[in-house]
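In case you want the letters, here they are:
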Amino acid sequence: MTVDASVRQLRVAIIGGGPGGLATAIALSKIPNVSATIYEQAKVLREVGAGISIGSNTWNVLQLLGVADTLTSGHPTWTIVNMNGRSGEELSRREKPELPVGRGPIRAQRTKLQSALLSHVNPDTIQLSRKLHRMVDKGSEGVELQFKDGTVVEADLVVGADGIRSVVRDTAWPDYEIKFTGTTIWRALLPWNDVKDLDPRFGITGWWHTPTTHVYFSHVGEGLWEIASRAWQDPAIHSANKKSWGVPVENAHVEAHFTEYLPEIREALARVPPGGWREFAAFAGPELSQLTAWNNKVVLVGDSSHALSGAFGSGAGFAMEDGWILAQALAYWKNDTSKALPLFDAIRLPYYSRMYAHLASEADKRTAKLKTLGNPSFDEQVKNKIITDGGKDMSWIYQNNIELVWKEWAEQLGRTS
Ligand SMILES: Cc1cc2nc3c(=O)[nH]c(=O)nc-3n(C[C@H](O)[C@H](O)[C@H](O)COP(=O)(O)OP(=O)(O)OC[C@H]3O[C@@H](n4cnc5c(N)ncnc54)[C@H](O)[C@@H]3O)c2cc1C
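Residues numbered from 1 in each chain as written. Predicted model: local features only at pLDDT ≥ 70, side-chain atom pairs only at ≥ 80, totals over all residues. Heavy atoms only, no water.

Asker: Quick question: what am I supposed to make of the sheet that holds strand 7 (residues 106-109) here?
Answerer: Each strand in a sheet pairs with its neighbour through backbone hydrogen bonds, running either in the same direction (parallel) or in the opposite one (antiparallel). In space, the 3 strands of this open sheet follow the order 3-7-4, with antiparallel pairing throughout. The open sheet has two edge strands, strand 3 (51-54) and strand 4 (75-76), and neither has a second partner. Sitting on the sheet, helix 3 (residues 110-118) is in contact with strand 3 and strand 7, with an inclination near 80° to strand 7. (Pairing = 2+ DSSP bridges. Helix = DSSP H or I, 4+ residues; strand = E, 2+ residues; numbered from the N terminus. Contact = heavy atoms within 4.5 Å. Axes fitted to C-alpha atoms, helices over the stretch in contact; angles between N-to-C directions.)

Dropping the structure here:
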């Protein structure tokens, strides 16, 4: 931490040590007069899940955090396919032009991203086994944080980086609710050598679909291969016991959802070693009208701020962008949270609004298309699932350059102040 006598001293409590919390800590460590501590509920910081996609937007923020060069493992994903999981028909193929410079898109092991971030965080600033239980608004004195183990600390600013089931959000936005979307995800990693005899197409990153399920295959580097499969069931019927997030499940339980697939795909699922599957129930919640609360003493970053359950496959990137922007806003306003937090809100809230709007319009288009098909066959339903993605300009997400976004805001502020 650097010290500057003209800048307010700020005690920051970051709740959660996922990509959002770690990136926030790294970004805050580069600005003056902030002492930030991460409080993480886990005994050991480790990612659950299998792989993670890192595209241009995520590379941009990793570069700004100084972490990009530390993340050295992953598999390039220049080619991506969508396939019919029952017939094997190829439905779409995207070949991104390989860039001669810069970093290309990769699929990496989640643990690699986490350890790369962690290696840039001062270990003395991380407290493990600290599960936030409650927060109390102490007015001008800040926020009191009460942890499950009885520890109590105070902070001037609380950063809720505690994921989709955020205690920070549930405390400061007590009416907010997330609900089971009906989608359950099962993820596993296994050696590519164990499956490579099955089908050469399994070596290409891609999705194999039925109307209500898909199976995703990708290399993730270091000889490992990922399966991320998901199935949708009516949440009105299946929501009761859906609390799972990274819990181990039996192979037979997973395989039962994918019986319609090609035999090679079913065989790939069957080759996951017992104990290798983890189950994740996808929850989502509505758009927030503000990402800050309690008179600018609480701010949400990452999944807590936009409960979309990984809808864009880039949520770790969004979480890290949040952390970086928060640090720029604080630095710009010399840690005056009454100005910095509204600025953070003004930059990030419309971005998340645009995501909610995009998802709603895609869902409408899909429903309208299904209506025109009348009584669609299996294959028509599968085609309809992916047809709306074609050609849509999603560069505002996947090519987002958060540094440019910040520069434009800083210029605008310079003109108006
Ligand atoms: C199936 C799926 C696939 C995805 N694929 C991708 C992808 O390819 N690329 C990508 O960028 N993103 C992807 N995402 C999204 C990405 O995983 C999340 O957006 C990202 O992990 C969010 O980071 P976060 O730091 O906000 O939250 P999290 O990663 O959820 O971290 C929250 C942390 O807070 C801790 N915590 C929670 N409650 C408390 C508490 N009360 N007290 C203390 N600590 C607490 C947790 O233990 C955890 O360490 C995917 C998501 C899903 C579900």
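Further notes follow.
Asker: I keep staring at the site of the ligand and nothing clicks. Help me out?
Answerer: Within the structure, the ligand sits among 33 residues, and Gly 20, Glu 40, Ser 53, Asp 303 and Gly 313 are positioned closest to it. Within the side chain of Glu 40, a nitrogen or oxygen atom sits 2.6 Å from an oxygen atom of the ligand. Between Arg 110 and the ligand, the recorded distance is 2.9 Å, taken from a side-chain N or O atom to an oxygen atom. Computed on the free molecule, the ligand has an accessible area of 1,000 Å², of which 89% lies beneath the protein chains in the complex. (Near = heavy atom within 4 Å. Polar contact = N/O pair within 3.5 Å; in protein donor to acceptor, adjacent residues only side chain to side chain. Areas by Shrake-Rupley, 256 points an atom, 1.4 Å probe, with all protein chains shown as cover.)

Asker: Mind showing me how you'd approach the packing of aromatic side chains here?
Answerer: Geometrically, a pair of aromatic rings is defined through the distance of the ring centres and the angle of the planes. Enumeration according to the criterion identifies 19 aromatic pairs in this entry. A centroid spacing of 4.8 Å and a plane angle of 35° characterise the contact between Tyr 39 and Phe 147, whose relative ring orientation is tilted. With Tyr 39 in strand 2 (residues 34-39) and Phe 147 in strand 10 (residues 143-147), the pair connects residues that are 108 residues apart, well separated along the chain. With respect to burial, Tyr 39 and Phe 147 carry one shared label: buried. The rings of Trp 192, Phe 202, Trp 208, Phe 217 and Trp 225 are connected pair by pair, giving a single aromatic cluster. The ring of Phe 378 is capped by Arg 86, whose NZ or CZ atom sits 3.7 Å from the centre of that ring. One Lys or Arg, Arg 187, reaches over the ring of Phe 280 and ends 5.2 Å from the middle of that ring. (Phe/Tyr/Trp six-rings, centres within 6.5 Å; stacked < 30°, edge-to-face > 60°. Buried < 20%, exposed > 50% of the residue type's maximum accessible area, 1.4 Å probe, protein only. Lys NZ or Arg CZ within 6 Å of the ring centre and 35° of its normal.)

Asker: Would you mind going over the sheet that holds strand 20 (residues 298-300) with me for this structure?
Answerer: Pairing is mixed in the open sheet, where 6 strands are placed in the order 8-2-1-12-20-19. Of all strands in the sheet, those bounded by a partner on one side alone are strand 8 (126-127) and strand 19 (292-293). Lying on the sheet, helix 9 (residues 337-373) is in contact with strand 1 (10-15), strand 12 (157-160), strand 19 and strand 20; it crosses strand 20 at an angle near 20°.

By themselves, these observations are geometric and do not establish any function.
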